[in-house]
Amino acid sequence: NAGVTQTPKFQVLKTGQSMTLQCAQDMNHNSMYWYRQDPGMGLRLIYYSASEGTTDKGEVPNGYNVSRLNKREFSLRLESAAPSQTSVYFCASSEAPSSHQPQHFGDGTRLSIL
Amino acid sequence: QKEVEQNSGPLSVPEGAIASLNCTYSDRGSQSFFWYRQYSGKSPELIMFIYSNGDKEDGRFTAQLNKASQYVSLLIRDSQPSDSATYLCAVNQGGKLIFGQGTELSVKP
């Protein structure tokens, strides 16, 4: 059982380039999330999708867009990458957005923007 | 004031000791609380969750919740070097997890 799969695992971009981070889950979860993790900052929510067909902004959405392609897949797009977006990006999923559901994380994408 | 606060550490304990990790939160309406462990270069993994006031035990781990004081803690008994990691406290607010900055724990043999 793969759980939450993220691709790519590593990426280096130049300022201004665009790219899409992919995330897929095989747990039949309804809710999916994108976080970024910076040193000393913990995990911060970028966007989330409570259910298929819905997306909402999190704490730090500027510079990002998302697409909930279907129940399994939730992608994160950087339209014009900036050095401030250098970070580790984690995708997570949960059964539902209710308060008692834990989130399960993918292995992360390490993104460097030069 | 940060919504979820943890001591950043590092917290160093000798092998076999009890490690105590603390977390405070600002939203009194929060209903559920999670502890994740994150090894260096790895993703967070869930180790404990707690919803009700009091203690919840799972093996060597005990989560403690005091909603009146807006305080949640994690105790690790008989600490092992393999417990060395960063521990993240997360509070569920409206279906979204708000994370603290994490506490780095080092268990010395």
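Residues numbered from 1 in each chain as written. Chains lettered and ligands numbered in written order. Predicted model: local features only at pLDDT ≥ 70, side-chain atom pairs only at ≥ 80, totals over all residues. Heavy atoms only, no water.

**Student:** Give a description of the interface of chain A and chain B that names residues and reports values.
**Tutor:** At the junction of the two partners, chain A supplies 21 residues and chain B supplies 20 residues. Summing both sides of the interface, chain A and chain B together bury roughly 1600 Å²; the carbon and sulfur share of this comes to 56%. Remark: the boundary between chain A and chain B carries zero salt bridges. Put simply, chain A and chain B have four residue pairs in polar contact (both at pLDDT 80 or more) between them. Among the elements of the structure, β4 (31-38) and β5 (42-49) of chain A are those that each provide at least two residues to the side of chain A that touches chain B. Among the residues making up the side of chain A that touches chain B, the classes are represented as ten nonpolar, nine polar and two charged. (Contact = heavy atoms within 4.5 Å. Buried area = accessible area lost by both parts, 1.4 Å probe. Salt bridge = Lys/Arg side-chain N within 4 Å of Asp/Glu carboxyl O. Polar contact = N/O pair within 3.5 Å; in protein donor to acceptor, adjacent residues only side chain to side chain. Helix = DSSP H or I, 4+ residues; strand = E, 2+ residues; numbered from the N terminus. Nonpolar A, V, L, I, M, F, W, Y, C, P; charged D, E, K, R; others polar.)

**Student:** Break down the state of the cysteines for me, with residues and values.
**Tutor:** Residues and elements named next belong to chain B. Taken as a whole and judged by the stated rule, the model has two disulfides over all chains. There is a disulfide in this structure between Cys-23 and Cys-89, and the S-S distance comes to 2.1 Å. Classification of the bridge connecting Cys-23 and Cys-89 rests on its S-S torsion, roughly -70°, and on that basis the disulfide is left-handed. Of the two residues, Cys-23 is situated in strand β3 (residues 19-25) and Cys-89 in strand β9 (residues 85-93); the sequence distance between them amounts to 66 residues. Cys-89 carries the same exposure label as Cys-23, and that label is buried. (Disulfide = S-S within 2.5 Å. Buried < 20%, exposed > 50% of the residue type's maximum accessible area, 1.4 Å probe, protein only.)

**Student:** Explain the pattern of salt bridges residue by residue, including any values.
**Tutor:** One pass over the full model with this rule turns up six salt bridges over all chains. For Asp38(A), the salt bridge is made with Arg36(A), and the minimal N-O distance between the two is 3.0 Å. Across the pair, exposure class does not vary: Asp38(A) and Arg36(A) are buried alike. The residue Arg77(B) makes a salt bridge to Glu57(B) at a minimum N-O spacing of 3.4 Å. Here Arg77(B) is found in the loop between β8 (71-76) and β9, whereas its partner Glu57(B) is found in strand β6 (residues 54-58), with 20 residues between them in sequence. Relative accessible area serves as the criterion here: at 26%, Arg77(B) is assigned to the partly exposed category. Three or more residues joined by partner-sharing salt bridges are found here, namely Arg36(A), Asp38(A) and Arg44(A).

**Student:** I'd love a proper account of the nonpolar core, names of residues and values included.
**Tutor:** Residues Trp35(B), Val72(B), Leu74(B), Ile76(B) and Tyr87(B) are the most contacted members of the largest nonpolar core, which totals 24 residues. Elements with a minimum of two residues in this core: β3, β4 (32-38), β5 (45-50), β7 (61-66), β8, β9 and β11 (103-108) of chain B. Every residue in contact with Leu74(B), bar those within four places of it in the chain, is listed here: Ala19(B), Ser20(B), Leu21(B), Trp35(B), Ile47(B), Met48(B), Phe61(B), Thr62(B), Ala63(B) and Tyr87(B). Val4(A), Trp34(A), Ile46(A) and Leu78(A) belong to the second-largest nonpolar core, a separate cluster that totals 20 residues. (Core = buried A, V, L, I, M, F, W, Y, C linked by side-chain atoms within 4.5 Å.)

**Student:** I'd like a rundown of the sheet that holds strand β3 (residues 19-25) of chain A, residues and numbers included.
**Tutor:** Note: strands within a sheet are paired through backbone hydrogen bonds, in either parallel or antiparallel orientation. Residue and element names in this part refer to chain A. Reading across the sheet, the four strands line up as β1-β3-β8-β7 and stay open at both edges, with antiparallel pairing between neighbours. The outermost strands of the open sheet, each flanked by one partner alone, are β1 (4-7) and β7 (64-68). Between one strand axis and the next, the sheet turns through 20° on average, direction left out of account. Two elements, β1 and β3, share four bridges in a ladder whose sense is antiparallel. (Pairing = 2+ DSSP bridges. Axes fitted to C-alpha atoms, helices over the stretch in contact; angles between N-to-C directions.)

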